[in-house]
Amino acid sequence: MQTLLPLFTTSLVSSSAILVAIGWRLILKNKREQHKRVMLTAAGLALAFFILYSLRTVVIGNVKFGGPDYLLVPYLIFLWTHIILSTTSAVFGIVTLVLAFRERFERHRKIGRITSVMWLITAFTGLAVYILLYVLFPGDVGTIFDAILH
Ligand code: HEM
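The name given to the chain in an unreviewed UniProt entry is Membrane protein, with the source organism recorded as Insulibacter thermoxylanivorax.

*Asks:* In this structure, what is going on with the overall build of the chain? I would like to understand it.
*Replies:* Along its length, the chain carries 5 helices and 2 strands. Ordered by position from the N terminus, the helices and strands of the chain form the series α-α-β-α-α-β-α. Based on the C-alpha atoms only, the size of the chain along its principal axes is roughly 50 × 30 × 20 Å. Put simply, the chain has 150 residues, and 33% of those count as buried. Restricting the contact set of the chain to residue pairs at least 6 apart, pairs at least 24 apart contribute 76%. Put simply, the chain shows about 9300 Å² of open surface, and 71% of that area lies on carbon and sulfur atoms.

*Asks:* I keep staring at the site of the ligand and nothing clicks. Help me out?
*Replies:* Close to the ligand lie 17 residues; Trp24, His35, His108, Arg109 and Arg113 are nearest. With respect to the ligand, the side chain of His108 contributes an N or O atom lying 2.7 Å from a nitrogen atom. With respect to the ligand, the side chain of Arg109 contributes an N or O atom lying 2.3 Å from an oxygen atom. Elements that contribute at least two residues to the shell around the ligand include exactly helix H1 (4–28), helix H2 (32–59), helix H3 (69–101) and helix H4 (105–136).

*Asks:* What am I meant to see in a positive patch on the surface here?
*Replies:* Together, Arg102, Arg104, Arg107 and Lys110 make up a positively charged patch on the protein surface. Position of Arg107 among the secondary structure elements: in helix H4. The partly exposed category is assigned to Arg107, whose relative accessible area is 45%.

*Asks:* I'm lost on the UniProt feature "transmembrane region" (unreviewed entry) in the chain in this one. Help?
*Replies:* Here the UniProt feature "transmembrane region" (unreviewed entry) sits at residues 6–26, 38–55, 75–101 and 113–137. With 100% helix and 0% strand, residues 6–26 has its two end C-alpha atoms placed 30 Å apart. The annotated region residues 113–137 carries 96% helix and 0% strand content, and the separation between its end C-alpha atoms amounts to 34 Å.

*Asks:* How should the coordination of the iron atom of the ligand be read in this particular structure?
*Replies:* As a benchmark, a tetrahedral metal site with four donors has ideal angles of 109.5 degrees, while an octahedral site with six donors has ideal angles of 90 or 180 degrees. The coordination sphere of the iron atom of the ligand, as far as protein atoms go, consists of His35 (NE2) and His108 (NE2), spread over 2.0 Å. Coordination geometry of the iron atom of the ligand: the 6 donor atoms subtend angles of 87 to 179° at the metal centre, consistent with an arrangement described as octahedral. Residue His35 is located in helix H2, and its partner His108 is located in helix H4; the two are separated by 73 residues in the primary sequence. For His35, a relative accessible area of 14% puts it in the buried group.

*Asks:* Which parts of the structure should I look at to understand the side chain of Arg56?
*Replies:* Within the secondary structure layout, Arg56 lies in helix H2. Arg56 has contacts with Leu5, Pro6, Gly61, Asn62 and Tyr134, leaving out every residue within four places of it along the chain.

*Asks:* Looking at this model, I keep getting lost on the packing of H2 against H4. Mind explaining?
*Replies:* What describes two packed helices is the angle between their axes and the distance between those same axes. Taken N-terminus to C-terminus, the directions of H2 and H4 make an angle of 40°; their axes are 13 Å apart at the nearest point. On the basis of the axis angle, H2 is oblique to H4. For H2 against H4, the interelement crossing comes out left-handed. Facing H2, whose interface residues are Arg32, His35, Met39, Ala46 and Arg56, H4 presents Phe105, His108, Ser116, Trp119 and Tyr134. Of the residues in the contact of H2 with H4, the class split is 5 nonpolar, 3 polar and 2 charged.

Calculation criteria
- Residues numbered from 1 in each chain as written.
- Predicted model: local features only at pLDDT ≥ 70, side-chain atom pairs only at ≥ 80, totals over all residues.
- Heavy atoms only, no water.
- Helix = DSSP H or I, 4+ residues; strand = E, 2+ residues; numbered from the N terminus.
- Buried < 20%, exposed > 50% of the residue type's maximum accessible area, 1.4 Å probe, protein only.
- Contact = heavy atoms within 4.5 Å.
- Areas by Shrake-Rupley, 256 points an atom, 1.4 Å probe, with all protein chains shown as cover.
- Near = heavy atom within 4 Å.
- Polar contact = N/O pair within 3.5 Å; in protein donor to acceptor, adjacent residues only side chain to side chain.
- Patch = residues over 30% accessible without salt bridge, like charges linked within 9 Å, V, L, I, M, F, W, Y side chains within 5 Å.
- Salt bridge = Lys/Arg side-chain N within 4 Å of Asp/Glu carboxyl O.
- Lys, Arg positive; Asp, Glu negative; His and termini not counted.
- Charge placed at Lys NZ, Arg CZ, Asp CG, Glu CD.
- UniProt positions renumbered as here; feature names shortened; annotations may be inferred.
- Donors = N, O, S within 2.8 Å, 3.2 Å for Na, K, Ca; no water.
- Tetrahedral: all angles 85-135°; square planar, octahedral: opposite > 155°, others 65-115°.
- Axes fitted to C-alpha atoms, helices over the stretch in contact; angles between N-to-C directions.
- Parallel < 35°, antiparallel > 145°, perpendicular 65-115°, else oblique.
- Left-handed = near helix turned anticlockwise from the far one by under 90°.
- Nonpolar A, V, L, I, M, F, W, Y, C, P; charged D, E, K, R; others polar.

Here you go:
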């Protein structure tokens with residue numbers, strides 16, 4: 001459970017990012033209905049990730065970086081970059097969806113491009129955090145504050 005759940009949640013994010021890339025390609029080919037369905041599925045996977053991640057934070061806790069001391073500061077800078085990027089992408093994602101449902105497609109197109117790029121980078125950095133934390137340098141379980149501040 002300790003390592004399976006993070007693997008599962010990380011794969012939710014990776015799948016969501018793959019769907020965003022597919023959804024982008026679809027709209028470039030003017031396939032509007034398919035774009036809508038694929039992007040809504042991507043948003044659903046991101047939401048599922050968020051719910052599971054929040055539950056895990058409350059019920060189990062978060063893992064601290066267990067690597068060597070000299071890597072701690074670079075790791076924390078990387079982690080914070082990922083946290084800020086993912087939070088910003090979530091806000092942009094909501095705005096992108098609202099604009100789509102209000103049929104303000106001019107703005108949706110502009111913001112949607114930024115959202116998509118940010119989400120792709122978030123998923124990639126998330127995968128990197130997973131590998132650093134669960135594959136290369138696993139540490140003890142603590143609160144979320146232990147995990148992000150040390
Ligand atoms: C978070 C989810 C979504 C993201 C990230 C997203 C992203 C994008 C992007 C990047 C574009 C512009 C493509 C380009 O020109 O490079 C676009 C266009 C478009 N999207 Fe979405 N989209 C999402 C959800 C939706 C939904 C739910 C709908 C339908 C209700 C929708 C309808 C459209 C339409 C109609 C266009 C074309 C706009 C135009 O031709 O000016 N999108 N979207």
